[in-house]
Amino acid sequence: MDTRDRYCGNCGHRNPPVAEFCAECGTFLETVVSSSLTRVKQTQFALPDYLLVAREREREERRRRMTMETGEGVGLLWVGAIAAVLAIWFGGGLGPGAAAFLLGLAAVIAGLWRLRHDTRNMARAGTATVVISSVVLGAALAQTLGFPRSQIVEFAAEAPPVAPTPKSGEAPAIAFAFDGSMPMFRGNPGRTGENVGPAPLARPLVAWKTFVGGESYASPIVAGDTVFVATKAGSVVALRLVDGDELWRVDVGDYIVRSTPAYGLDTLFVAAGYDLLAINAQNGERRWSVPLRFAGSCSPVLDGDTLYVATQEGHVSAFAARSGEELWHYRNDNLLFGSPAVSGDRVMIADESGQVTALDTSSGREVWQKDVGEEVFATPAISDGVAFVVTKEPLLIALDLESGRELWREQVGGVSSPAIVDQTLYLGGDDQSLRAIDANSGKPIWSTPLGYAIESSATVSGAALFIASGPSLNAVDRATGRSLWTHVTGGPVTSDLAVVAGMVIAASHDGYIYALEAAEGSSEGKTG
């Protein structure tokens, strides 16, 4: 049997000794040669030797190039996949994480492009893509669920511990000049919307603008020389009031959504997803934490040494602020999107079904319940023994705090909460208008259009009102409704504004915290 390789006379391709037809061009093999240097018998269909050699050289070059591209393509695939997974797991899809994810995705696409001619490795890449996609989806799901979640740590403290002297590289402790400038959602337990000021009445300048890593639906609060902000991505950030520099940041592991922290006793109380946490306001260390039903948009309220917390499922609990011990629990079972308000011995909630409920602060016992007939998404405000409730329909309703008796109702309202100072209510509406209303009769005093549907609630400081509509921050004269100034941010603002120390502080959906102050030497100055 002839064991010599058989070369095709047509294309010059080398075939095994047993081959009868060329594997390259299909020509019947007649001539048997021992090496590529042996002259092939020429026929009218055969190519000259120099063309056969050139073709063989071209094939070798193509194989070498394909091998190189395959190696580069596989390398790019793995590098891109690893970068994308790490970006999702550690970066949360924000800031540098988003950039790393996009670079990883670009590397994967480039790798697939280099493999487009290699069918075998493309098939392998398809299998690897399925595996990698499963890992990426698992990472995203684990991050969304907050896994692994930190264990609950509880410890009682008779008094807030003194912050230790920070070591090199640690977050600096914060020295508070005074306790609670704007310590909670709507400014105080009664949720009246008053802020200490002073406030800029002239057109302001941007004192500072700080990116906090994601959208913030919660309202900023201020304690002494520090601004505290909770982000949708699950971070609580402390910023220096004077320049916006970040002092410390804590990842609480769950989506905060719209819940605004409360400050007191040198502690931040944060309702974050399914946990209630007490965080040392000086350095961000956790004091205690307890499990909680989903907080949603309900913000905690601190009154003395007692912390009142509601959940979206309609549950209300009272906790000892220093230890986290639950004092009582009330169950309503109606959806609750507003926050509890406290005045005297009453805790009040208003739920999505239209039920307004007053509870005893010491026992959690239901004192009275009133059906106002419409959905309520806003937080009630309490002043001088009267509770003011806003419905989605819209309606503004005044109820006697002791008995629940309805005093009056007017057809204004929406989703924002009322502010009340000096027997005058201030309320933003879905119809883009900011209104002043007499608190005794419900009759309108003035109305000012702001250009966007209003989801933020009015903040009152001195002679002015401050409220967001769409992306704009607005200052309005309390007496006349005349616009004093407007400043546009980079995204919508749906949370309330904090007005302290001559500044207006706002959290925008563009991920930035804005601090505005009147220009130095302004003739209009500030009011407090």
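Residues numbered from 1 in each chain as written. Predicted model: local features only at pLDDT ≥ 70, side-chain atom pairs only at ≥ 80, totals over all residues. Heavy atoms only, no water.

Caption draft 1: Representation of the sheet that holds strand S35 (residues 512–518). Strand order in the open sheet made by the 4 strands is S4-S35-S34-S33, with antiparallel pairing throughout. Two strands close off the open sheet at either side, each with one partner strand: strand S4 (204–211) and strand S33 (498–500). Within the sheet, the average angular offset between the axes of one strand and its neighbour, ignoring direction, is 20°. (Pairing = 2+ DSSP bridges. Helix = DSSP H or I, 4+ residues; strand = E, 2+ residues; numbered from the N terminus. Axes fitted to C-alpha atoms, helices over the stretch in contact; angles between N-to-C directions.)

Caption draft 2: Quick peek at the pattern of salt bridges. Counting across every chain of the model gives 14 salt bridges. For Arg287, the salt bridge identified is with Asp266, shortest N-O distance 3.7 Å. Here Asp266 lies in the loop between strand S9 (262–264) and strand S10 (267–272) and Arg287 lies in strand S12 (residues 286–291), a separation of 21 residues in the sequence. Across the pair, Asp266 and Arg287 agree in class, each one buried. In this structure, Asp430 engages Lys392 in a salt bridge whose closest nitrogen and oxygen atoms are separated by 3.9 Å. In this pair, Asp430 sits in the loop between strand S26 (424–428) and strand S27 (433–438) while Lys392 sits in the loop between strand S22 (386–391) and strand S23 (395–400), placing the two residues 38 residues apart along the sequence. Residue Lys392 is classed as partly exposed on the basis of its relative accessible area of 35%. (Salt bridge = Lys/Arg side-chain N within 4 Å of Asp/Glu carboxyl O. Buried < 20%, exposed > 50% of the residue type's maximum accessible area, 1.4 Å probe, protein only.)

Caption draft 3: Layout of unusual backbone geometry. Of note, the amide linkage connecting Gly197 to Pro198 takes the cis form, showing an omega dihedral of -5°. Mapped onto the elements, Pro198 comes out in the loop between helix H3 (119–144) and strand S3 (199–200). In this chain, Glu393 is followed by Pro394 through a cis amide linkage whose omega measures 15°. Within the element layout of this structure, Pro394 appears in the loop between S22 and S23. Phi angles above zero are rare outside glycine, and Arg186 is one such case at about 70°. The topology assignment puts Arg186 in the loop between H3 and S3. On the basis of relative accessible area, Arg186 is assigned to the buried category, the value being 3%. The backbone of Gln432 shows a phi angle near 80°, a positive value even though the residue is not glycine. Residue classification places Gln432 among the partly exposed positions, given a relative accessible area of 33%.

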